[in-house]
Amino acid sequence: MEANKKKRQSNQYDKIFKENIEAVISSIMQNILEITAVSMEELPDDIQHTKERKPDTLKKITDDKGNTFVLQIEFQVKNEDDMVYRMLDYYGMLERKYKLPVKQFVIFLGADKLTMPTELNRERLKFSYPLISLSTLDYHIFLKSDKPEEIILGILANFKGENPENALKQILIRVKETTEGDFSLNRYFNQLRVLAQLRNLELNLKNAMDSIAEYIKEERDVLYLRGQEKIIESLLTKLNYSLEQIADIAGVSLDFVKSVKQRLTTK
């Protein structure tokens, strides 16, 4: 059950980045990878049909120094011991197919300490790739953007000691300021709700949303955690489920269920 939940969440994170990558790729290159592109061309990701996984992002780039290369970016939610071998596989296939220099980056979305090996040093083979954790970056980098797809990444960055709810308020307000139309606004708020699970910030996000109700009308609140609270309360009081089972049924973190239970016991 827990494995299925993690797989479902991982699919949700992948979906968000696939939906948003084209809008944010230039900013990610400029602000995170320190690449200034003057031209960018989409490359097919079917570099080898027998591979189960395809590159998350694959582009042919010409930068401001006149260098042309293949850029591959992978987004990782959890540490993967064999990541270095996967990146080496990709490197060989990309080099062989395009006959161009290959630049690879892995961007880590999780909050855990990085433990993935990033290099191989053998007698006749030396290979490495850069590994960047979003949790080490200042979230203000993303707040400065005028693209909501990029602003929402601030929830995965470093709040620099700031109160999480205050940081989340700023993210929510900037998303609203840069979004046109209720449909798009709802989409980004829903993506924020999903990404909040990576940092166990669901309750903080709900509280931040409550506190900026004057800026965002209540009927636009797609962070349906209020409704989830009622569901969780019902499951806690009427059925003999474990906290882990309730978290899985409601699609929220165990910490969120615990917070609802604690509030119920103090009523």
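For the structure, see preceding data.
The paragraphs below set out a description of the structure included in this document. (Residues numbered from 1 in each chain as written. Predicted model: local features only at pLDDT ≥ 70, side-chain atom pairs only at ≥ 80, totals over all residues. Heavy atoms only, no water.)

Below, the discussion takes up the overall build of the chain. When helices and strands are tallied, the chain shows ten helices and seven strands. Counting all 267 residues of the chain, 44% fall into the buried class. Contacts in the chain between residues at least 24 apart in sequence constitute 60% of all its contacts with a sequence separation of at least 6. Taken as a whole, the chain presents about 14,400 Å² of accessible surface, with 47% of it coming from carbon and sulfur. (Helix = DSSP H or I, 4+ residues; strand = E, 2+ residues; numbered from the N terminus. Buried < 20%, exposed > 50% of the residue type's maximum accessible area, 1.4 Å probe, protein only. Contact = heavy atoms within 4.5 Å. Areas by Shrake-Rupley, 256 points an atom, 1.4 Å probe, with all protein chains shown as cover.)

This next bit is on the pattern of salt bridges. Under the counting rule described, the total for this entry stands at nine salt bridges. The partner of E74 in a salt bridge is R86, with the nearest N and O atoms 3.7 Å apart. On the criterion of sequence distance, the pair formed by E74 in strand β3 (residues 68-76) and R86 in helix α2 (residues 83-98) is long-range, its members being twelve residues apart. Neither E74 nor R86 differs from the other in exposure class; each is buried. (Salt bridge = Lys/Arg side-chain N within 4 Å of Asp/Glu carboxyl O.)

This structure, assessed with the given rule, holds two cavities of 30 Å³ or more. When its volume is computed, the largest cavity comes out at roughly 40 Å³. Forming the walls of the largest cavity are I16, F17, N20, I21, V24, E149, I152 and L153. With five residues, helix α1 (residues 2-33) is the largest single contributor of residues to the lining of the largest cavity. Its residues assigned to classes, the lining of the largest cavity comprises six nonpolar, one polar and one charged. (1 Å grid on protein atoms, 1.4 Å probe; cavity = no way out; pocket = protein on both sides within 12 Å on 5 of 7 lines; lining within 4 Å. Points joined across faces, edges and corners; volume = space filled by probe spheres on them. Nonpolar A, V, L, I, M, F, W, Y, C, P; charged D, E, K, R; others polar.)

Here we come to the sheet that holds strand β2 (residues 57-63). Judged by pairing direction, the sheet is mixed, and its five strands sit side by side in the order β1-β2-β3-β4-β7 without closing on themselves. The open sheet has two edge strands with one neighbour each: β1 (37-42) and β7 (131-133). Adjacent strand axes in the sheet meet at a mean angle of 30° when their direction is disregarded. The pairing of β3 with strand β4 (residues 102-108) spans seven bridges and is parallel. Bridge assignment links F75 to a residue of β4, and that residue is I107. Against the sheet, α2 touches β2, β3 and β4, its axis set at about 155° to β3. (Pairing = 2+ DSSP bridges. Axes fitted to C-alpha atoms, helices over the stretch in contact; angles between N-to-C directions.)

Moving on: the packing of aromatic side chains. Applying the stated criterion across every chain yields a total of three aromatic pairs. Here Y139 and F159 contribute two aromatic rings whose centre-to-centre distance is 5.3 Å and whose plane-to-plane angle is 75°, an arrangement assigned as edge-to-face. Placement of Y139 in the loop between β7 and α3 (140-143) and of F159 in the loop between α4 (148-151) and α5 (164-177) is noted, with a sequence separation of 20 residues between them. On the accessibility criterion, Y139 (0% relative accessible area) is buried. On the basis of relative accessibility, which here comes to 11%, the residue F159 falls in the buried class. Sitting above the plane of the F69 ring, K103 keeps its charged end 4.6 Å from the centroid. (Phe/Tyr/Trp six-rings, centres within 6.5 Å; stacked < 30°, edge-to-face > 60°. Lys NZ or Arg CZ within 6 Å of the ring centre and 35° of its normal.)

With that settled, the discussion passes to the packing of α5 against helix α7 (residues 202-211). Taken N-terminus to C-terminus, the directions of α5 and α7 make an angle of 60°; their axes are 9 Å apart at the nearest point. By the angle between their directions, the pair α5 and α7 is classed as oblique. Crossing hand, α5 versus α7: right-handed. Residues P164, E165, L168, K169 and L172 of α5 pack against N204, L205, N207, A208, M209 and S211 of α7. When its residues are assigned to classes, the contact of α5 with α7 shows six nonpolar, three polar and two charged. (Parallel < 35°, antiparallel > 145°, perpendicular 65-115°, else oblique. Left-handed = near helix turned anticlockwise from the far one by under 90°.)

For the rest of this paragraph, the subject is a nonpolar patch on the surface. There is a patch of nonpolar side chains on the surface, built from L239, Y241 and I249 and spanning about 280 Å² of accessible area. Relative to the helices and strands, L239 resides in the loop between α8 (225-238) and α9 (243-250). (Patch = residues over 30% accessible without salt bridge, like charges linked within 9 Å, V, L, I, M, F, W, Y side chains within 5 Å.)

Moving on: the nonpolar core. Among the nonpolar cores identified, the biggest contains 50 residues, and L33, L71, I155, I171, V175, L192 and L195 are the most heavily contacted of them. Take this core: its biggest share by element is ten residues, from α1. Membership of the second largest hydrophobic core comes to 18 residues, among which are Y90, M93, V102 and F108. (Core = buried A, V, L, I, M, F, W, Y, C linked by side-chain atoms within 4.5 Å.)

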